[in-house]
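# Structural overview
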Amino acid sequence: MEAFADVAVLSRIQFALTVAYHFLFVPLSIGLGLILAINETRYYRSRKPEDAAATKFWVKVFTATFAIGVATGITMEFSFGTNWANYSRFVGDIFGAPLAAEALFAFFLESVFLGVLLFGRERVSPKFYMVSSWLVWAGSCLSALWILIANSWMQTPAGAELNADGTEAVITDFFSAAFNPSIFARYTHTVDALLIMGAFVAMAVAGWYMLKGRNAEFAMKTMRIAAVVGIVTSCAMIVFAHSSAVVVWNEQPTKLAMMEGMYDSEVPPLYAVGIVDEDNQEVIAPFAIPGGTSFLATGNFETEYPGLNELAQTEEYGDMVVEDMPVGLVFQSYHLMVAMYGLIMLTSILVLVFTFKGGRIAKMRWLQWAAVLSPIWPFIAIQTGWITAEVGRQPWVVYPSVTGPDGVSLLTADGISMSVSAPELWLTLGLFVLVYLVLLIGWARVIGRFIKEGPVAEHEPALEGAAAGKTPKGKAAPPTPRSMSSLRRPSPPRAIAGRKVSSHDGVLKRAVVLPHLRAHRGLFRA
């Protein structure tokens with residue numbers, strides 16, 4: 001029961017909730033941003049109405065997700081001041097620049113060109129519109145870079161020193177702080193995971209349409225794009241994940257010890273599954289590869305690594321209480337993330353093979369269902385990866401990394417706001433759950449409606465209404481500026497009659513060509 005009254009624990013739970021909820025939408029916006037840009041590039045080259053409809057579909061999905069992501073991101077920033085005042089004072093000199101840069105450069109880049117995508121189709125050139133789609137995606141990736149610069153500094157501090165009274169970290173070298181030892185490995189690892197998520201969501205949408213027998217052409221094109229993006233990013237993850245693990249090995253010894261359940265110094269084995277017996281300080285596993293983790297990190301099977309008990313005896317990590325360390329949680333989250341990667345790779349290979357092998361996936365219902373369910377794998381992998389990264393650095397909120405500046409670290413318990421009480425945290429936690437649940441239901445309903453409607457070429461509903469001379473609500477359609485201009489200055493009927501007609505020639509003739517000819521005939525008689 002003491003945990004329910006512990007302000008530090010409750011503050012961590014509340015922040016974990018807001019971060020986990022926010023990170024439902026970040027992977028979708030960054031991942032689907034690439035899918036959107038690829039689709040718009042396809043339309044720029046083909047100029048086919050069905051490709052324009054596909055782009056419009058993804059713009060709607062992206063925009064709805066982006067809006068929720070922005071709103072929930074703002075909540076996180078406010079919580080720094082409300083629940084983590086001492087932490088904000090400690091890192092304020094470091095975090096000010098990257099968080100301001102994220103808003104001024106990345107967010108405005110993304111927002112401005114998203115406005116072009118929403119309102120500029122008829123106002124800018126096709127090339128500008130296509131470039132705008134890529135700039136929206138680039139802005140989202142740039143936003144992730146600045147946020148991860150701040151987060152990586154918490155993991156591996158650099159370019160800073162303590163002030164005279166030891167209460168604040170003062171920046172001494174901006175570039176050293178920004179390009180700290182873990183930023184490149186963590187950025188590539190994180191963004192690649194988000195792109196996998198986007199590919200699998202596109203794969204799920206395509207699989208759903210295949211199951212329903214709808215939008216066959218859109219479904220197959222989307223499945224091909226998702227299959228290629230999925231396999232490329234999944235293969236790249238092998239490199240990025242390895243580099244991230246090497247950084248943990250070199251910079252964060254207590255985190256690595258928890259990831260592998262090591263209480264005593266040993267050559268770390270490689271576990272596939274297992275349970276950490278925290279009372280007896282051992283891992284219970286059906287099998288393990290001796291020295292496997294050592295080989296992955298250093299290239300040999302004999303490198304010994306210190307365990308938690310030995311690290312707790314050192315000056316750098318003396319504040320750690322081994323019995324209170326969340327070893328079991330970190331161990332399970334890390335190995336669950338790895339297991340999800342296995343399912344991601346298997347799904348990527350199956351979808352790639354049977355999509356490009358004569359489109360056989362269109363007749364394989366079991367694989368279509370696998371595609372529909374596939375976003376679960378990267379979602380779990382992303383969430384458990386963040387649990388590993390953030391819980392693994394406890395009990396510090398600013399971790400005393402191996403190469404970090406002397407004394408630049410902060411315990412999580414020392415970073416909270418002293419004026420916030422447990423009842424206040426419980427109240428706001430309940431309100432967050434309620435409001436976020438409503439937002440999630442609303443977002444899901446909106447996205448569900450978009451998927452139910454599917455990609456629709458813009459001219460199709462307009463033609464059906466024009467054929468009857470009515471708007472969708474049944475009212476008489478007013479003449480458009482173009483039709484009014486043509487009535488004032490009629491062109492020869494020969495030019496209209498010779499207009500190129502699409503495959504919808506019957507509808508198009510009745511809706512556009514014949515009314516236009518009748519209008520000209522009436523003018524000539526007058």
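Residues numbered from 1 in each chain as written. Predicted model: local features only at pLDDT ≥ 70, side-chain atom pairs only at ≥ 80, totals over all residues. Heavy atoms only, no water.

## Quick notes on the side chain of Thr63
Mapped onto the elements of the fold, Thr63 is located in helix 2 (residues 49–83). Of note is the side chain of Thr63, whose polar atom sits 2.7 Å from the backbone oxygen of Val59. The residues contacting Thr63, other than those within four sequence positions of it, are Leu114 and Leu118. (Helix = DSSP H or I, 4+ residues; strand = E, 2+ residues; numbered from the N terminus. Polar contact = N/O pair within 3.5 Å; in protein donor to acceptor, adjacent residues only side chain to side chain. Contact = heavy atoms within 4.5 Å.)

## Describing the confidence of the model for the chain
Counting all residues, the mean pLDDT for the chain is 85, and 86% of those residues have values of 70 or more. This stretch, residues 460–526, has a pLDDT under 50; its non-local contacts, to residues over four places away or in other chains, come to 40 contacts. (pLDDT = per-residue confidence, 0-100.)

## Re the packing of helix 3 (residues 85–119) against helix 4 (residues 126–155)
Interaxial distance between helix 3 and helix 4 falls to 7 Å at its minimum, and their mutual angle equals 170°. Between helix 3 and helix 4, the interaxial angle falls into the category roughly antiparallel. (Axes fitted to C-alpha atoms, helices over the stretch in contact; angles between N-to-C directions. Parallel < 35°, antiparallel > 145°, perpendicular 65-115°, else oblique.)

## Here's the deal with the pattern of salt bridges
All told, the structure shown has 7 salt bridges when counted by the stated rule. With its nearest N and O atoms 3.9 Å apart, the salt bridge here joins Glu390 to Arg186. Linking Glu390 in helix 13 (residues 376–391) with Arg186 in helix 6 (residues 183–212), this pair joins segments that are 204 residues apart in sequence. In this structure, Glu390 and Arg186 share a single accessibility class: buried. Glu217 serves as the salt-bridge partner of Lys221, at 3.2 Å between the closest nitrogen and oxygen. (Salt bridge = Lys/Arg side-chain N within 4 Å of Asp/Glu carboxyl O. Buried < 20%, exposed > 50% of the residue type's maximum accessible area, 1.4 Å probe, protein only.)

## With respect to unusual backbone geometry
Note on backbone geometry: most residues besides glycine have negative phi, and most peptide bonds are trans. Cis rather than trans, the peptide bond between Gln394 and Pro395 has omega equal to 10°. When you line up the elements, Pro395 lands in the loop between helix 13 and strand 7 (396–398).

## Considerations on helix 6
Helix length check: helix 6 (30 residues) gives 44 Å between terminal C-alpha atoms against 44 Å at 1.5 Å per residue, within 8%. Within helix 6, 26 of the 30 residues are buried, leaving the element largely enclosed by the surrounding structure. Looking one or two places after helix 6, you find Gly213, whose phi comes out positive at around 70°. (Expected span 1.5 Å × (residues − 1).)

## Remarks on the packing of aromatic side chains
Two aromatic rings, taken as a pair, are described by how far apart their centres are and by the angle between their planes. Taken as a whole, this structure holds 27 aromatic pairs when the rule is applied. Consider the rings of Tyr21 and Tyr436, whose centres lie 4.2 Å apart with planes at 15°: the pair is stacked. Taken together, the residues Tyr21 in helix 1 (residues 7–46) and Tyr436 in helix 14 (residues 422–453) connect sequence positions 415 residues apart. Accessibility assignment for this pair places Tyr21 and Tyr436 in one class, buried. On the numbers, 5.8 Å between centres and 70° between planes, the contact of Tyr209 with Phe218 is edge-to-face. Tyr209 sits in the buried class, given a relative accessible area of 0%. Given the relative accessible area of 10%, Phe218 is considered buried. An aromatic cluster is built from Phe15, Phe80, Tyr87, Phe95 and Trp153, whose rings are joined through pairwise contacts. The ring of Tyr43 has Arg47 sitting right over it, with the charged end atom 4.2 Å from the ring centre. Just above the ring of Tyr129 sits the side chain of Arg121; from NZ or CZ to the centre is 3.9 Å. (Phe/Tyr/Trp six-rings, centres within 6.5 Å; stacked < 30°, edge-to-face > 60°. Lys NZ or Arg CZ within 6 Å of the ring centre and 35° of its normal.)

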